[in-house]
Amino acid sequence: MASLRITYKKSSIGYSQAQKDTVRSLGLRKLNQVVELQDTPVVRGMIFKIKHLVTVEEVTATEAK
């Protein structure tokens, strides 16, 4: 299964509490932090809600290792 590399690029200050909670639920704590998560519909939905705060890259199985 593919995974996604999510980078926290823009601060959530000034945005709704729901968006702040979504950033935290993805495991992002500090700016420029990178997390790799499995590509699931749930994760894609969370990314869609905060797409203006993060950048997303698809990672193949060979790149992940």
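Each chain has its residues counted from 1, following the order in which its sequence is written. Since the coordinates come from a predicted model, pLDDT governs what is reported: local features require at least 70, and pairs of side-chain atoms require 80 or more to be given and counted, while whole-chain, interface and lining totals use all residues. Note that water and hydrogens are dropped before the side-chain values are worked out from all heavy atoms of the structure.

Caption draft 1: Representation of the nonpolar core within the structure. Definition of nonpolar core: a set of buried residues of the types Ala, Val, Leu, Ile, Met, Phe, Trp, Tyr and Cys, connected through side-chain atoms within 4.5 Å. The cut-offs for exposure are 20% and 50% of the maximum accessible area for each residue type, with area from a 1.4 Å probe on protein chains only; residues under the lower value are buried, those over the upper are exposed, and the others partly exposed. In terms of nonpolar packing, the biggest core is built from 12 residues, these being Leu4, Ile6, Tyr8, Val23, Leu26, Leu28, Val35, Val43, Ile47, Ile50, Leu53 and Val54. Listed by contribution, the elements that provide at least two residues to this core are β1 (3–8) and α2 (41–49). Element by element, the count of residues in this core is highest for β1, at 3 residues. Counting from the N terminus, the helices are DSSP H or I runs at least four residues long and the strands are E runs at least two residues long.

Caption draft 2: Structural context of unusual backbone geometry. Despite not being glycine, Asn32 shows a phi value in the positive range, around 65°. Within the secondary structure, Asn32 is located in the loop between α1 (17–25) and β2 (34–38).

Caption draft 3: Layout of the pattern of salt bridges. Whenever Lys or Arg places a side-chain nitrogen within 4 Å of a carboxyl oxygen from Asp or Glu, that contact is recorded as a salt bridge. A full pass over the atoms with the stated rule returns 4 salt bridges. A salt bridge links Arg44 to Glu58; the shortest N-O distance between them is 3.3 Å. Here Arg44, found in helix α2, pairs with Glu58, found in strand β3 (residues 54–59); they are 14 residues apart in sequence, far enough to count as distant. Among the residues examined, Arg44 registers a relative accessible area of 36% and is labelled partly exposed. One network of salt bridges, with partners in common, ties together Arg5, Glu36 and Glu57.

Caption draft 4: Expanded view of the environment of Val54. Checked against the element boundaries, Val54 lands in strand β3. The class of Val54 is buried, set by a relative accessible area of 7%. Counting along the chain gives 43 residues from Val54 to Ser11, while the straight-line C-alpha distance between them is 9.3 Å. Two residues qualify as a contact provided that any one of their heavy atoms is within 4.5 Å of a heavy atom in the partner residue. With residues up to four places along the chain from it excluded, the contact list for Val54 reads Ile6, Thr7, Tyr8, Lys9, Leu28 and Ile47.

Caption draft 5: Just the environment of Ile50, in detail. As for its position among the elements, Ile50 is in the loop between α2 and β3. Assessed through its relative accessible area of 0%, Ile50 is described here as buried. For the pair formed by Ile50 and Gln17, sequence separation is 33 residues and the distance between their alpha carbons is 12 Å.

Caption draft 6: Region of interest: the confidence of the model for the protein chain. Scored by pLDDT, the protein chain has a mean of 94; 95% of the residues are at 70 or more. Looking at any residue, its pLDDT shows the predictor's confidence there, from 0 to 100. The least confident element of the protein chain is helix α3 (residues 61–64), whose mean pLDDT is 68; the most confident is α1, at 98.

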